[in-house]
Structure formats: structure tokens, C-alpha cells
Amino acid sequence: MLTVLGKTQPLILPLTRTMSTMAWSEATKLYWNQKLSANETAKLMKESLKRETPTLRKLAQYCSLLHSHSKWLDIYETYPTIQRVSANSAMPLIFTALYQLENKSNYSFATSTLDKLEKRNLDSAESRCFSILLGRMGRYKEALKYLESYLKSKERLTDLAAYQEKMNLELASNLPQEALQSANKLLMIDPSRNTVRLSKAIALTNLERMNEALIQLSILIGSTTNSIIKASLYQYRAKCRPYEDLNEKILDLEMSCQIYPRGDQQTLLNLLYQTAMYDELEAMIERIAKTRSIKKDFNIAAMRANMYWIARNDDKKALQWYRYAYEAAPPSYKQQFKMRIEAIKLSLIHISEPTRRTPISYAVFCLKKKKKKK
């Protein structure tokens, strides 16, 4: 309270984002809901750890957040605090191994760390960090076991990021039914979480429940404004049911191409080519040609050459575009396109009768070079 001119009035201070006004669990939920950035959340967590008596659990959450954004210096600065809380904590060793693995590609150090720590009884916080290391080493089922040990603690619902990581590990471990259950739980908490919905679609696909997977993808496509992400969703949806709703897909991709001209063009070209919509493919290539040179674009030149040769039976144009593709091709593709150019120069003139009437007979293919027109 503040006394002004003999009257007592409430003191109103501006609301700031500090851990005194925001509980740790609230901050992590805001980060989960994408209402706080990783930097803001990390700053709030750091303030809390300085002000209050830190626990290994909070230190594990803090370091996990830093690790996911490769903030290795901040993790290193946390080591003395971890040592104060628990002198024998395995967390500094785990994050050192992660640093060596991801920044230095030092697999031998990470492997030796795994061997050491597998023999120890890790607490829940250490299990959380150890699961990250196991996951990065590709040992998904073991990582899942340690992460589940961490999630059995009382505050399990506060670390939603760990639940999402559990779902991803279940997918990587080829446990789609378990991943689907985890996705459903997370979507009950936050239905707008697109990364979870995509994982749910993948789990449903793995369970061959294609119609349900397509429903999830349709929700994602409807809620996504980024055309690059939308294009990748269409590519994934096309794998589920390649030849249905083509017009809808093409129209959407054409609209996104107007927003990001180079971003989705190749995706749309591939979709048109794979579904044999050659007239639409040719029209789009002509539109692209008005904005930039396509003769030096290896992908477009190769696609156009294939279309002329296989679908149009136009050897002359196919030869022309194979030459453009050859000139633009990376070194590893040069020989392949050189052989195609030579193949077009040859013409198949006839197939003879079998040379003899026996169980084993032969057909003779006579090839000759086309005469060049003067």
C-alpha cells in the first residue's frame, strides 16, 4: 500500500514475466503452447534457479531445453549448480557426451559414457537426460525406458515436452499404437499442437488406418499458413492416397507457388509428373520459363526430356532437353544422360524371327544410327 496526500492507495506495479509472478510449470506450459520463446523460457528458468533452491528435476528440464536449442555454453555454466545439488550427479557427464557427439562427432566418448552410466542407478532427472543421449545414439527402446522412468514422478504433466519426446521415441521404436495413445493425450491438453497431430497421422498410417490419417492431415493443411510446410504435408498425404483429390492438391500448391515462387514449384512439378498430368506439367513449365531460364535447371530439364521421350514420343525435343539436362547435371549424373542421348540417336528397325525352333531361341535386335539431316 502507498500513502499519497494522507490517503492509502494500492501500489500497482507493471506486470513483468518473472518467476515470482509465474510458476515454473506455467512457464513450461506457455513454452509448450508457443506463447513463450525458448530464450524467454530459458531466462525465466535461470532466474528461478538462482533465486530458489534448485532441484535436479528442474535442472534436468532446464538443460533439456538448452540442449534442444544447442545452447552448450549455458549448459556448461549450469554444471556448478548441478554439482552443488548433487555432487555425484551424472548430468554433466551426459551433456558433455551429447556435446562431443553432436558438435564433434565423437562417438567413442558417447559410447564409453553409455557404458559407464548403464551400470549406475540413475534418479528420475538423470534418466530424463540419459534418455536424450540414448535417443541420439539410435537406441530408441532403451531411451523410452529411461524416459518413462522420469515421467512416473508426481509432476509428470508439467513437462509436456518430455511427453512429446516419448511419443517420438515410440514412433522410432515402431510402436505406433503406443504413439497414437500418447498423441491423443497430448491433443486433449492442446488440440492446436500441429507437431503432435502430424505424429498422430504417421502413427495411424503405420497402423494402416489411412482414412483417419488423412483426416488428421486435412486438419493440418487447413490450419497451416506456411506454403512450404503445406507442400510437404501434401507430399505426405499423396503417399497415403496418391491419386485422389488431385485437383484440390494442385490448386492449393499453385496458390502457394504465387506466395513462394521457388518453394513449391518442384513439389508441384513432381506431383504433376508422377500422376501423368503432362498437359498441366507442360503449361506450368512454360509459366516458369517466363520468369527465369529453365535450360540450366537440371530437374526441370530432365523432367521435360523424360516427358517428351516417354509420354510424347517426340525424339527430337527429348534429345534437345536431354542435352540441356546433361549440361546442367551434377558430375554423378553425366554418364546417365550421355547414355540416354546416345540411345535416342539410335532407332530400332526390326526384330527378326527366332533363329531356330528349339526350346532356346534368340531374337536379334538390329540398331542403326539415324542419318543426320543436312
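Criteria and thresholds
Residues numbered from 1 in each chain as written. Predicted model: local features only at pLDDT ≥ 70, side-chain atom pairs only at ≥ 80, totals over all residues. Heavy atoms only, no water. Helix = DSSP H or I, 4+ residues; strand = E, 2+ residues; numbered from the N terminus. Buried < 20%, exposed > 50% of the residue type's maximum accessible area, 1.4 Å probe, protein only. Contact = heavy atoms within 4.5 Å. Areas by Shrake-Rupley, 256 points an atom, 1.4 Å probe, with all protein chains shown as cover. pLDDT = per-residue confidence, 0-100. Core = buried A, V, L, I, M, F, W, Y, C linked by side-chain atoms within 4.5 Å. Disulfide = S-S within 2.5 Å. Expected span 1.5 Å × (residues − 1). Phe/Tyr/Trp six-rings, centres within 6.5 Å; stacked < 30°, edge-to-face > 60°. Lys NZ or Arg CZ within 6 Å of the ring centre and 35° of its normal. Salt bridge = Lys/Arg side-chain N within 4 Å of Asp/Glu carboxyl O. Axes fitted to C-alpha atoms, helices over the stretch in contact; angles between N-to-C directions. Parallel < 35°, antiparallel > 145°, perpendicular 65-115°, else oblique. Left-handed = near helix turned anticlockwise from the far one by under 90°. Nonpolar A, V, L, I, M, F, W, Y, C, P; charged D, E, K, R; others polar.

1. Section: the overall build of the protein
Phase 1 of the analysis: Each helix and strand in the protein was counted, giving 19 helices and four strands.
Phase 2 of the analysis: Taking all 374 residues of the protein together, the buried fraction comes to 41%.
Phase 3 of the analysis: Partitioning the contacts of the protein with sequence separation of at least 6, the portion at a separation of at least 24 is 46%.
Phase 4 of the analysis: For the protein, the accessible surface area stands at approximately 22300 Å², while carbon and sulfur atoms represent 53% of it.

2. A few points about the confidence of the model for the protein
Phase 1 of the analysis: Residue-level pLDDT values for the protein average 75, and 73% of them are 70 or greater.
Phase 2 of the analysis: Mean pLDDT per element in the protein: strand β1 (residues 2–4) is the minimum at 36, and helix α10 (residues 176–189) is the maximum at 90.
Phase 3 of the analysis: Predicted confidence is poor over residues 1–21, with pLDDT under 50, and the contacts of this stretch with residues over four places away or in other chains come to 28 contacts.
Phase 4 of the analysis: Low pLDDT (under 50) marks residues 348–364, which in the prediction has 20 contacts with non-local residues, meaning those over four places away or in another chain.

3. Describing the nonpolar core
Phase 1 of the analysis: With 55 residues, the main nonpolar core has M91, I94, F130 and L133 as its most contacted residues.
Phase 2 of the analysis: At seven residues, the largest contribution of residues to this core is made by helix α3 (residues 56–68).

4. Here's the deal with the state of the cysteines
Phase 1 of the analysis: By the definition in use, this model includes zero disulfides.
Phase 2 of the analysis: Considering cysteine sulfurs only, C129 is the nearest to C63, which forms no disulfide, with 6.2 Å between them.
Phase 3 of the analysis: Looking at C63, the relative accessible area reads 0%, which means it is buried.

5. Some words on helix α8 (residues 140–151)
Phase 1 of the analysis: Look at α8: 16 Å from first C-alpha to last across 12 residues, which is about the 16 Å you get at 1.5 Å a residue.
Phase 2 of the analysis: All buried positions along α8 are accounted for by A143, L144, Y146, L147, Y150 and L151.
Phase 3 of the analysis: Residues of α8 that are buried make contact with α3, α7 (124–136) and α9 (160–172).

6. Here's the deal with the packing of aromatic side chains
Phase 1 of the analysis: What the rule picks out here adds up to seven aromatic pairs.
Phase 2 of the analysis: Each member of the aromatic cluster is reached from another via a ring pair, and the members are F298, W309, Y322 and F337.
Phase 3 of the analysis: One residue, K334, lies across the ring of Y326, its end atom 4.8 Å from the ring centre.
Phase 4 of the analysis: For the cation-ring pair, R340 lies above F337, with the distance from its terminal atom to the ring centre recorded as 5.3 Å.

7. Examining the pattern of salt bridges
Phase 1 of the analysis: For the structure shown, the criterion picks out 10 salt bridges.
Phase 2 of the analysis: Two residues, E165 and R128, come together in a salt bridge whose shortest N-O distance is 2.9 Å. Here the residue E165 occupies a position in helix α9, and R128 occupies one in helix α7, the gap between them amounting to 37 residues. For the pair E165 and R128, a shared accessibility class is recorded, and that class is buried.
Phase 3 of the analysis: Between E142 and R139 there is a salt bridge, and its shortest N-O distance comes to 2.8 Å.
Phase 4 of the analysis: By sharing partners, the salt bridges in this structure join E118, R139 and E142 into a single network.

8. Some thoughts on the side chain of N306
Phase 1 of the analysis: In this fold, N306 is placed in helix α17 (residues 298–311).
Phase 2 of the analysis: Apart from residues no more than four positions distant in its own chain, N306 is found in contact with Y273, A311, Y322 and R340.

9. Remarks on the packing of α9 against α10
Phase 1 of the analysis: The contact between α9 and α10 brings their axes to 8 Å, and the two run at 155°. Overall, the two elements α9 and α10 adopt an arrangement that is roughly antiparallel. Seen along the crossing, α9 lies across α10 with a hand that is left-handed. Residue-level inspection shows L160, Y163, Q164, K166, M167, E170 and L171 of α9 in contact with α10, the latter providing E178, A179, S182, A183, L186 and I189.
Phase 2 of the analysis: Split into classes, the residues belonging to the contact of α9 with α10 amount to eight nonpolar, two polar and three charged.

10. Brief notes about the packing of helix α11 (residues 194–206) against helix α12 (residues 210–223)
Phase 1 of the analysis: Following both chains from N to C, one finds α11 and α12 inclined at 160°, their axes separated by 8 Å at the closest point. Accordingly, the angle class assigned to the pair α11 and α12 is roughly antiparallel. The two elements α11 and α12 meet at a crossing, and its hand is left-handed. Here N194, R197, L198, K200, A201, L204 and T205 of α11 lie close against α12, whose contacting residues are M210, E212, A213, Q216, L217, I219, L220 and S223.

11. With respect to the side chain of S199
Phase 1 of the analysis: With respect to the helices and strands, S199 occurs in helix α11.
Phase 2 of the analysis: Leaving out residues up to four positions away in the same chain, S199 has contacts with M167, N168 and L171.

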